[in-house]
Amino acid sequence: MIYADNAATTRLSEEALQKMLPWLTENYGNASTLYRMGREAHRAVEQAREEIAKGIGASPMEILFTSGGTESDNWALKGTMRHLARKGKKHLITSAIEHHAVLHSAHALEKEGYDITVLPVSKEGFVDPDSVKKAIRPDTALVSIMYANNETGVVQPVTEIGAVCREAGVLFHTDAVQAAGILPIDVKEQKIDLLSASAHKFHGPKGVGFLFCRRKAVPDTLLDGGGQERGHRSGTENVAGIVGMAAAFSQALSEREEKTERLSALRDRVQEGLLKIPGTHLNGDASRRLPGTLNVSFEDLDGQSLLMELDLRGIQASVGSACNSGSMTPSHVLLEMGVPYKTAHGSLRLSFGRYNRPEEAETLVREAESAVRLLRDRR
Ligand code: PLP
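Residues numbered from 1 in each chain as written. Predicted model: local features only at pLDDT ≥ 70, side-chain atom pairs only at ≥ 80, totals over all residues. Heavy atoms only, no water.

*Asks:* Explain the overall build of the chain to me, please; I cannot follow it from the model alone.
*Replies:* A tally of regular secondary structure across the chain gives 12 helices and 12 strands. On C-alpha atoms alone, the chain measures out to a radius of gyration of 21 Å, which is about the 21 Å that the 2.2 N^0.38 rule sets for 379 residues. Judged by the C-alpha coordinates and their principal axes, the chain covers about 65 × 55 × 35 Å. Taken over 379 residues, the chain has a buried fraction of 58%. Long-range pairs, those at least 24 residues apart, make up 73% of the contacts in the chain with a sequence separation of at least 6. (Helix = DSSP H or I, 4+ residues; strand = E, 2+ residues; numbered from the N terminus. Rg over C-alpha atoms; globule rule 2.2 N^0.38 Å. Buried < 20%, exposed > 50% of the residue type's maximum accessible area, 1.4 Å probe, protein only. Contact = heavy atoms within 4.5 Å.)

Put into structure tokens, the structure is as follows:
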């Protein structure tokens, strides 16, 4: 079996699992209680907060734990917009290639009466920082542009966008779900005010993530209740999840450079092989991209059929096209980049992670080539 869908989720690292186990077994205390078991759980949560903060150049109190990327994105957008609406700022800027956690949050806000500007991208998949600058108005509250795209891996000019926003006095949120643990992040240097991340994308557990909020940028709460997370996000702390996330994040950062080299070498070999198949196109910029992500389109092919054919051959990948609801609409990301509808339909995303091995490149190319030939012959 070759698992080439690390952009969807990753295997939990053994180190993270070992760190989590005591908090799922003998020490099951509620981190908000005052007796010994609770105090120990509380300490573990705070230690994890420190570890994560250090990894992105933040201070611990700027890290708030959530249930993952979707919650962090919803909170950043809805919480910030509702907060700043009270100061008369009701305009949000985002881009057309965001994950649906951002785009659907933006559209939900639009229904509540907020004003949304959705910026287009270039054919390579970039948001132009100049277009952000031009879109900012006196009533703009927030700009939300992702760090790296989940379908193409294209890395956005977040540092430049951060500078534009800071100069204009507008808050900047970045969805770093695909970038965290893979690309360097320094929230101070990059002038990021809010940042979303999710543990299961960097070999941590599912259902846990964090939102970095600069002190002046804490959004209104979405979850009211027992007042955990200093009153910002209620709900009993997911101690094992939080501990596992911090362990996985530190591990990802410590092996970042080695992994970047290894994964981009694997990715480039696969890319080279796939592009030799007639009628194959690379989607997204080739250089400013996540090291382990590759998105190609095959002409005269249906991505779903290719996916199923690859699955029969033991290869787990993703179509850059169909969305989670099972609809057959091609990817909004590829369409926004100007990829023709038919070509977008035949897209394939391969994404590599810690557990992929170099020798998988040859098998992947061989099987993809044979699957494409078979499916085209059947047409
Ligand atoms: N944002 C991006 C860019 C993603 O790739 C994903 C997951 O695919 C999410 C947000 C949602 O994260 P989660 O699965 O943790 O809710």
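*Asks:* When you look at the pattern of salt bridges in this model, what are you seeing that I'm missing?
*Replies:* Two side chains with opposite charge may pair up if their charged atoms get near one another. If you walk through the whole model with that rule in mind, you get 21 salt bridges. Among the salt bridges present, the one from Arg 357 reaches Glu 360, with a minimum N-O distance of 2.9 Å. Through salt bridges with shared partners, one network takes in Glu 309, Arg 313, Arg 366 and Glu 367. (Salt bridge = Lys/Arg side-chain N within 4 Å of Asp/Glu carboxyl O.)

*Asks:* Looking at this model, I keep getting lost on the pairing of strand S4 (residues 115–119). Mind explaining?
*Replies:* Each regular strand displays side chains that alternate between the two surfaces of the sheet. Relative to S4, strand S3 (residues 91–95) is paired through 5 bridges, and the arrangement is parallel. Looking across to S4, one finds that Ile 93 is bridged to Thr 117. Following the chain from S3 across helix H4 (residues 100–111) to the adjacent parallel S4, one finds a crossover that is right-handed. (Pairing = 2+ DSSP bridges. Right-handed = clockwise from strand over helix to strand, strands pointing away.)

*Asks:* Would you take a moment to explain the environment of Thr 25 for this structure?
*Replies:* Tracing the chain through its elements places Thr 25 in the loop between helix H1 (14–24) and helix H2 (36–56). For Thr 25, a relative accessible area of 42% corresponds to the partly exposed category.

*Asks:* Would you mind showing me how to read H2 here?
*Replies:* Owing to its 3.6 residues per turn, the α-helix aligns residues three or four sequence positions apart on the same side. The first and last C-alpha atoms of H2 sit 31 Å apart over 21 residues, in line with the 30 Å expected at 1.5 Å per residue. Within H2, burial applies to Gly 38, Ala 41, Ala 44, Val 45, Ala 48, Arg 49, Ile 52, Ala 53, Gly 55 and Ile 56. Turning to H2, the residues buried within the fold contact H1, strand S2 (63–66), strand S8 (209–213) and helix H7 (239–254). Positive phi appears at Gly 57, one or two residues downstream of H2, with a value of about 75°. (Expected span 1.5 Å × (residues − 1).)

*Asks:* Even after reading the chapter, I still don't get the site of the ligand, so can you show me in this structure?
*Replies:* If you check the shell around the ligand, you find 13 residues, and the closest are Gly 69, Thr 70, Asp 175, Ser 198 and Lys 201. Note that an oxygen atom of the ligand is positioned 2.8 Å from one of the side-chain N or O atoms of Gln 178. At a separation of 3.0 Å, an oxygen atom of the ligand approaches a polar side-chain atom of His 200. In the complex, the protein chains occlude 84% of the 390 Å² of accessible area that the ligand would expose alone. With 3 residues, helix H3 (residues 69–85) is the largest single contributor of residues to the shell around the ligand. Classifying every residue of the shell around the ligand gives 2 nonpolar, 8 polar and 3 charged. (Near = heavy atom within 4 Å. Polar contact = N/O pair within 3.5 Å; in protein donor to acceptor, adjacent residues only side chain to side chain. Areas by Shrake-Rupley, 256 points an atom, 1.4 Å probe, with all protein chains shown as cover. Nonpolar A, V, L, I, M, F, W, Y, C, P; charged D, E, K, R; others polar.)

*Asks:* Can you help me understand the packing of aromatic side chains in this one?
*Replies:* Working definition: an aromatic ring pair is given by the centre-to-centre distance plus the angle between the planes. Summed over all chains, the structure comprises 2 aromatic pairs. Between the aromatic rings of Phe 202 and Phe 249, the centroid separation amounts to 5.1 Å while the plane-to-plane angle is 50°, which identifies the pairing as tilted. Of this pair, Phe 202 sits in the loop between strand S7 (194–198) and S8 while Phe 249 sits in helix H7, and the two are 47 residues apart along the sequence. Aromatic side chains Phe 210 and Phe 249 sit 6.1 Å apart centroid to centroid with 65° between the ring planes, which places their arrangement in the edge-to-face category. Residue Phe 210 is found in strand S8, and its partner Phe 249 is found in helix H7; the two are separated by 39 residues along the sequence. Through pairs of rings, three or more aromatic residues link up here, namely Phe 202, Phe 210 and Phe 249. Seen from the ring of Phe 126, Arg 288 lies directly overhead, with NZ or CZ sitting 4.9 Å from the centre. (Phe/Tyr/Trp six-rings, centres within 6.5 Å; stacked < 30°, edge-to-face > 60°. Lys NZ or Arg CZ within 6 Å of the ring centre and 35° of its normal.)

*Asks:* For this particular structure, what's the right way to read the packing of H3 against H4?
*Replies:* Packed helix pairs are characterised by how far apart their axes lie and by the angle those axes make with each other. Contact geometry of H3 with H4 gives a least axis separation of 9 Å together with a crossing angle of 30°. Taken together, the axis directions place H3 and H4 in an arrangement best described as roughly parallel. The way H3 lies across H4 gives a crossing that is right-handed. Across from Thr 70, Asp 73, Asn 74, Leu 77, Lys 78 and Met 81 in H3, the residues of H4 making contact are Ala 101, Val 102, Ser 105, Ala 106, Ala 108 and Leu 109. (Axes fitted to C-alpha atoms, helices over the stretch in contact; angles between N-to-C directions. Parallel < 35°, antiparallel > 145°, perpendicular 65-115°, else oblique. Left-handed = near helix turned anticlockwise from the far one by under 90°.)

*Asks:* I keep staring at the sheet that holds strand S6 (residues 171–175) and nothing clicks. Help me out?
*Replies:* Hydrogen bonds between backbone atoms are what pair the strands of a sheet, whose relative direction is either parallel or antiparallel. Strands sit in the order S2-S8-S7-S6-S5-S3-S4 across an open sheet of 7 strands; the sheet is mixed. Each edge of the open sheet carries a strand with a single partner, namely S2 and S4. Mean inter-strand twist for the sheet, computed between neighbouring axes without regard to direction, equals 20°. Against the sheet, H2 engages S2 and S8, with an angle of about 115° to S2.

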